[in-house]
Amino acid sequence: MQKEFLWGGAIAANQSEGAFDVANRGLANVDLIPYGEARSKFLLGENIDLELSDNYYYPSKNGIDFYHTYKQDIKMLAEMGFKAFRISIAWTRIFPKGDETEANESGLLFYESIFKECKKYEIEPIVTIAHFDCPVHLIKKIGAWRDRRMVYYYEKLCRTLFERYKDLVQYWITFNEINMILHAPFMAAGLTFSKTDDIEQIKYVAAHHELVASALAVKWAHEVNPKNKVGCMMAGGDYYPYACRPEDVMEAIDKNRKNLFFIDVQARGEYPQYALKELERKRIKIPFESGDIELLMQYTVDFVSFSYYASRVAASQNSGLKETAGNIVKSIKNPYLEVSEWGWQIDPIGLRVTLNTIWDRYQKPLFIVENGLGAVDELTDTNEVHDGYRISYLSAHIAEMIKAVEIDGVGLIGYTSWGCIDLVSAGTGEMKKRYGFIYVDQDDFSNGSKKRYKKDSFYWFKQVIESNGQNLDWKKEN
Ligand code: P53
């Protein structure tokens with residue numbers, strides 16, 4: 001791997017910070033998504049309440065208290081040798097309601113302090129501007145991203161961030177997993193629906209607004225600092241055809257396009273033909289305003305990033321095969337693969353496949369900004385965590401990633417493992433679904449000391465970074 005390869009980890013504001021009502025922070029969609037059975041309804045946004053209720057427990061209120069622990073946490077990441085740390089900005093710390101004219105200084109100071117902490121250890125911050133969050137005030141006032149005015153509010157957020165952190169941040173990601181708007185529209189974009197809403201139409205309109213907003217972010221980022229690099233981000237994982245049945249192959253192409261559509265626009269600058277045709281067939285009207293087409297074309301992204309947890313499988317509609325639960329992005333079960341405790345298929349080679357698909361399609365620098373295994377960990381009496389299963393998962397994926405670079409010639413700039421410190425799961429709201437190298441002593445209801453402990457994978461990943469990916473072996477006595 002090249003010397004400057006960005007090894008590191010990733011977290012997101014709403015899953016880690018907690019302190020949801022501290023220092024003028026406003027309420028966001030992500031705060032309203034409860035733990036437990038009701039969660040899935042909130043991810044979708046159909047007939048939901050926009051007030052906190054005593055009947056639910058809300059994991060985002062506490063996160064892992066990163067708001068107060070970031071200094072010691074970043075110190076531990078530095079000890080692992082991190083070159084990059086991906087975090088996200090909580091929009092409502094900067095603009096509590098979303099439509100203020102002045103930014104909230106205490107919010108700006110918080111992230112400034114995080115970035116300075118990173119700088120101290122020569123860790124490159126990778127900053128997601130919107131990792132699923134949207135101010136509740138804007139949801140109530142204009143219906144979030146279904147309304148064009150969101151572009152203006154987001155643009156304002158971006159300009160504020162670019163100017164303030166000009167000397168501290170160079171890598172920006174405009175929207176986390178932009179394709180998630182199709183699968184979890186309230187979580188991903190603050191969209192809520194009533195019974196009479198045309199959900200499909202609204203989702204694509206909202207996506208158009210995000211795409212325009214993303215292009216404007218590229219514009220301002222480059223204007224403020226030509227060194228800024230802005231990326232798009234998708235929930236990745238190629239669909240394989242279930243069989244060599246031609247119908248299955250066509251279905252896989254179709255499903256892949258549904259996910260790639262957004263980053264096609266962000267990376268290539270225009271709505272692809274297949275999307276225009278499908279939107280027309282479905283009678284979905286995209287509200288193009290004058291100048292949109294030029295804007296999208298002029299301000300494409302500098303790099304393409306994605307999360308990868310699993311590959312997926314598609315079969316023709318009348319194959320009789322059922323899609324499984326597991327990940328929010330649905331898939332048919334792949335008989336050749338093992339699954340995680342949460343039913344997610346485990347496919348290291350699929351990472352190489354996905355890297356190649358995206359590289360062949362765009363020929364832009366790629367960045368794996370999420371990958372990891374959600375698993376139940378056990379803290380021993382001596383405060384150790386023997387997470388050999390996580391080491392196996394990660395080493396197999398990293399080995400395939402290295403093949404993509406060294407054998408296939410894919411242009412990859414970095415790898416940040418998801419949830420490098422244990423945090424709240426986005427899909428389930430659980431704490432017991434852990435991804436980290438660092439264990440956080442806390443349960444699903446935020447009981448516990450919140451103390452941090454190094455897992456076996458902590459020492460292993462340190463060795464991986466030190467050897468620049470050369471040494472993926474793990475020996476117990478390390
Ligand atoms: P969790 C699935 C469901 C929700 C969010 O997921 C997801 C995915 C995976 O494609 O996307 C990312 O926590 C997301 C993170 C999230 C991570 O996957 O459900 O960007 O916020 O935590 C893992 O296990």
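The structure under discussion appears in the preceding block.
Parameters at a glance
- Residues numbered from 1 in each chain as written.
- Predicted model: local features only at pLDDT ≥ 70, side-chain atom pairs only at ≥ 80, totals over all residues.
- Heavy atoms only, no water.
- Helix = DSSP H or I, 4+ residues; strand = E, 2+ residues; numbered from the N terminus.
- Rg over C-alpha atoms; globule rule 2.2 N^0.38 Å.
- Buried < 20%, exposed > 50% of the residue type's maximum accessible area, 1.4 Å probe, protein only.
- Contact = heavy atoms within 4.5 Å.
- Areas by Shrake-Rupley, 256 points an atom, 1.4 Å probe, with all protein chains shown as cover.
- Lys, Arg positive; Asp, Glu negative; His and termini not counted.
- Charge placed at Lys NZ, Arg CZ, Asp CG, Glu CD.
- Near = heavy atom within 4 Å.
- Polar contact = N/O pair within 3.5 Å; in protein donor to acceptor, adjacent residues only side chain to side chain.
- Nonpolar A, V, L, I, M, F, W, Y, C, P; charged D, E, K, R; others polar.
- Salt bridge = Lys/Arg side-chain N within 4 Å of Asp/Glu carboxyl O.
- Pairing = 2+ DSSP bridges.
- Patch = residues over 30% accessible without salt bridge, like charges linked within 9 Å, V, L, I, M, F, W, Y side chains within 5 Å.
- Axes fitted to C-alpha atoms, helices over the stretch in contact; angles between N-to-C directions.
- Parallel < 35°, antiparallel > 145°, perpendicular 65-115°, else oblique.
- Left-handed = near helix turned anticlockwise from the far one by under 90°.

*Asks:* Got a minute to help me understand the overall build of the protein in this structure?
*Replies:* A count of helices and strands for the protein gives 15 helices and 16 strands. Against the globule reference of 23 Å for 478 residues, the protein gives a C-alpha radius of gyration of 21 Å, in line with a compact fold. Overall, the C-alpha framework of the protein stretches about 60 × 55 × 50 Å when taken along its three principal axes. Considering the protein as a whole, with its 478 residues, one finds that 61% of them fall into the buried category. Across the protein, the fraction of contacts at a sequence separation of at least 24, relative to all contacts at a separation of at least 6, is 75%. About 19,000 Å² of surface is accessible on the protein, with carbon and sulfur atoms providing 50% of the total. Here the protein carries 58 positive and 67 negative side-chain charges, and the mean point of each set is 2 Å from the other.

*Asks:* I would appreciate a short explanation of the site of the ligand in the present structure.
*Replies:* As a structural note, the neighbourhood of the ligand is formed by 18 residues, with Q15, E177, E370, K433 and Y435 the closest of them. A distance of 2.8 Å separates an oxygen atom of the ligand from a polar side-chain atom of H131. Residue Y309 places a side-chain N or O atom 3.4 Å away from an oxygen atom belonging to the ligand. Bound to the protein, the ligand loses 99% of the 470 Å² it would expose on its own. Of the residues assigned to the shell around the ligand, the class counts are nine nonpolar, six polar and three charged.

*Asks:* Before we go on, may I ask you to explain the pattern of salt bridges in this structure?
*Replies:* Close approach of charged atoms lets side chains of opposite charge pair. Scanning the model with the defined rule gives 33 salt bridges in all. For D292, the salt bridge goes to R148, with nearest N and O atoms at 2.9 Å. Pair noted here: D292 is in helix α12 (residues 292–298) and R148 is in the loop between α6 (136–142) and α7 (149–164), with a separation of 144 residues, a long-range link. Since its relative accessible area comes to 2%, D292 is described here as buried.

*Asks:* Any chance you could explain the pairing of strand β5 (residues 229–235) here in plain terms?
*Replies:* Within a regular strand, the side chains alternate between the two sheet faces. Counting buried positions over the seven residues of β5 gives six, a clear majority of the element. With three bridges connecting them, strand β4 (residues 171–175) and β5 associate as parallel partners. Note that in β5 the partner of W172 across the bridge is V230. Relative to strand β7 (residues 303–307), β5 runs parallel, the two being bridged by five bridges. Across the sheet, G231 pairs through a bridge with F303, a residue of β7.

*Asks:* Explanation requested: a nonpolar patch on the surface in the structure shown.
*Replies:* On the surface, a cluster of nonpolar side chains totalling about 240 Å² of accessible area is made up of V249, M250 and I253. In this fold, V249 is placed in helix α10 (residues 246–268).

*Asks:* Looking at this structure, how should I read the pairing of β7?
*Replies:* For β7, the buried fraction is high: five of the five residues fall into the buried class. Going residue by residue along β7, you find F303, S305 and S307 tucked away on one face and V304 and F306 tucked away on the opposite face as well. Pairing analysis gives four bridges linking β7 to strand β13 (residues 366–370), with the strands arranged parallel. Along β13, the bridge assignment pairs S307 with E370.

*Asks:* How should I be thinking about the packing of α10 against helix α11 (residues 273–281) in this particular structure?
*Replies:* Packed helix pairs are characterised by how far apart their axes lie and by the angle those axes make with each other. Running from N to C, α10 and α11 point in directions that differ by 115°, and their axes come no closer than 10 Å. When the interaxial angle is binned, α10 and α11 end up roughly perpendicular. Seen from above, α10 lies across α11 with left-handed handedness. Where α10 approaches α11, its residues R257, K258, L260, F261 and D264 are matched on the opposing element by Y274, A275 and E278. Here the contact of α10 with α11 is composed, by residue class, of four nonpolar, no polar and four charged.

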